[in-house]
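# Structural characterization, general
Listed below, chain by chain, are the residues.
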Amino acid sequence: MSANKSCSDYVKGGDDCQAILNYLPRLVMLLDFEGTIIFWNDGGEGEFGYTAEDAEGEKVWFLFPEYCDGDFYANLDSLKQGGATEQKLEALHKNGSIRVRRARAADYNVE
C-alpha cells in the first residue's frame, strides 16, 4: 500500500480487493468516521438481507435502530483515536428479525 491511502481507497479502486472481500461469506463493511457505510460486501446480504446497493451511503445505525447507546458511541470514539473495539451487537435483519453478532472495528488508515 502506498502512502496516504486508506483501506477504503484500495477497496473502491481495486477489483482484486473487492473480489476477495465479496467472496467472504460474512459481512465486511467499511465506515467513515461519521458512521456512513462506504463498502458492504456480498456477505452482508446473506447475514442481514441488505445488498450493497441498499446499505452503501446509509448510516450504520439502520442496523441497530433500538440498540445505539452510549457504549456504541464510546467505542466509535475509541476507534477514532486509533484504538480497536469488539462488542456483541443486536442487529436488525431486513426481514425484521434480530441477529446477535460480534462486531470488530479497527482503524486501518495507511500513512
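Refer to the preceding data block for the structure.
Residues numbered from 1 in each chain as written. Predicted model: local features only at pLDDT ≥ 70, side-chain atom pairs only at ≥ 80, totals over all residues. Heavy atoms only, no water.

## Thoughts on the packing of aromatic side chains
Each aromatic ring pair is summarised here by two numbers: the centre-to-centre distance and the angle between the ring planes. Heads up, the condition is: Between 30 and 60 degrees the pair is tilted, below 30 it is stacked and above 60 it is edge-to-face, where a pair is any two Phe, Tyr or Trp rings, Trp via its six-membered ring, whose centres lie within 6.5 Å. Helix and strand assignments come from DSSP, with helices taken as H or I runs of at least 4 residues and strands as E runs of at least 2, each series counted from the N terminus. To sort residues, take the accessible area from a 1.4 Å probe on protein chains only and compare it with the maximum for the residue type: under 20% means buried, over 50% means exposed, and anything in between is partly exposed.
Taken as a whole and assessed by the stated rule, the structure comprises 3 aromatic pairs. Their ring planes at 55° and their centres at 6.4 Å tell us that W40 and F48 sit as a pair that is tilted. Seen in terms of ring centroids, Y50 and F62 are 4.8 Å apart; in terms of plane orientation they differ by 85°. Their pairing is edge-to-face. Pair noted here: Y50 is in the loop between α3 (43-48) and α4 (52-55) and F62 is in the loop between α4 and α5 (70-80), with a separation of 12 residues, a long-range link. For F62, a relative accessible area of 24% corresponds to the partly exposed category. Members of the aromatic cluster, each reached through a chain of ring pairs, are W40, F48, Y50 and F62.

## Focus on the pattern of salt bridges
Inclusion rule: We define a salt bridge as a side-chain nitrogen of Lys or Arg found within 4 Å of a carboxyl oxygen belonging to Asp or Glu.
By the definition in use, this model includes 3 salt bridges. Of the charged contacts, one joins E47 and R26 as a salt bridge, the two residues approaching to 3.3 Å between their closest N and O atoms. Residue E47 is located in helix α3, and its partner R26 is located in the loop between α2 (15-23) and β1 (29-31); the two are separated by 21 residues in the primary sequence. When its relative accessible area of 7% is taken as the criterion, E47 is described as buried. In this structure, K94 and D54 form a salt bridge, with 3.2 Å as the shortest nitrogen-oxygen distance. Separated by 40 residues along the polypeptide, K94 in the loop between β3 (85-92) and β4 (98-105) and D54 in helix α4 bring together distant segments of the chain. When salt bridges with common partners are traced through the structure, they connect R26, E47 and R101 into a single cluster.

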